[in-house]
Amino acid sequence: MNPGRTVPSARGCRRALFAGGLDAEQGEQETRFEPRATGELYTASAPVTVTYAW
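Summary of the structure given here. (Residues numbered from 1 in each chain as written. Predicted model: local features only at pLDDT ≥ 70, side-chain atom pairs only at ≥ 80, totals over all residues. Heavy atoms only, no water.)

Our focus in this paragraph is the overall build of the protein chain. Counting its regular elements, the protein chain contains zero helices and two strands. The buried share of the protein chain, reckoned over its 54 residues, is 13%. Sequence separation of at least 24 residues holds for 25% of the intrachain contacts in the protein chain that already meet a minimum separation of 6. Of the roughly 4,900 Å² of accessible surface on the protein chain, 47% is carried by carbon and sulfur atoms. (Helix = DSSP H or I, 4+ residues; strand = E, 2+ residues; numbered from the N terminus. Buried < 20%, exposed > 50% of the residue type's maximum accessible area, 1.4 Å probe, protein only. Contact = heavy atoms within 4.5 Å. Areas by Shrake-Rupley, 256 points an atom, 1.4 Å probe, with all protein chains shown as cover.)

Remember that side chains alternate between the two faces of the sheet whenever the strand is regular. Residues of strand S1 (residues 30–33) alternate between two faces, with Thr31 and Phe33 buried on one and Glu30 and Arg32 left unburied on the opposite face. Sheet analysis places S1 next to strand S2 (residues 50–53), joined by four bridges and oriented antiparallel. Its bridge partner lying in S2, phenylalanine 33 is registered against valine 50. (Pairing = 2+ DSSP bridges.)

A separate point is the side chain of threonine 31. By the secondary structure assignment, threonine 31 is in strand S1. Leaving out residues up to four positions away in the same chain, threonine 31 has contacts with Val50, Thr51, Tyr52 and Trp54.

This model, assessed by the stated rule, comprises one aromatic pair. Both rings, one in tyrosine 52 and one in tryptophan 54, keep their centres 5.2 Å apart while their planes meet at 85°; by these two values the pair is edge-to-face. (Phe/Tyr/Trp six-rings, centres within 6.5 Å; stacked < 30°, edge-to-face > 60°.)

The next subject is unusual backbone geometry. If a residue is not glycine, its phi is most likely negative; likewise, a peptide bond is most likely trans. Unlike most non-glycine residues, tyrosine 42 shows phi in positive territory, near 60°. Structurally, tyrosine 42 can be placed in the loop between S1 and S2.

Bringing the environment of glutamate 34 into the picture now. Of note, glutamate 34 is situated in the loop between S1 and S2. Judged by its relative accessible area of 48%, glutamate 34 falls in the partly exposed class. For glutamate 34 and valine 50, which are 16 residues apart along the polypeptide, the C-alpha to C-alpha distance reads 6.3 Å. With residues up to four places along the chain from it excluded, the contact list for glutamate 34 reads Pro47, Val48 and Thr49.

Structural data, given as structure tokens:
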């Protein structure tokens, strides 16, 4: 994954997602992330699915 790559949220969140050190496995063409937001009381939002093509 490219450093500094931002993943826009459907709600317009201005946060960036960075997952360093990830490499594609042999033959893997894409990977899927399901980030969630965590609130003050440790409640989690529904996941947002993001697919990254290597």
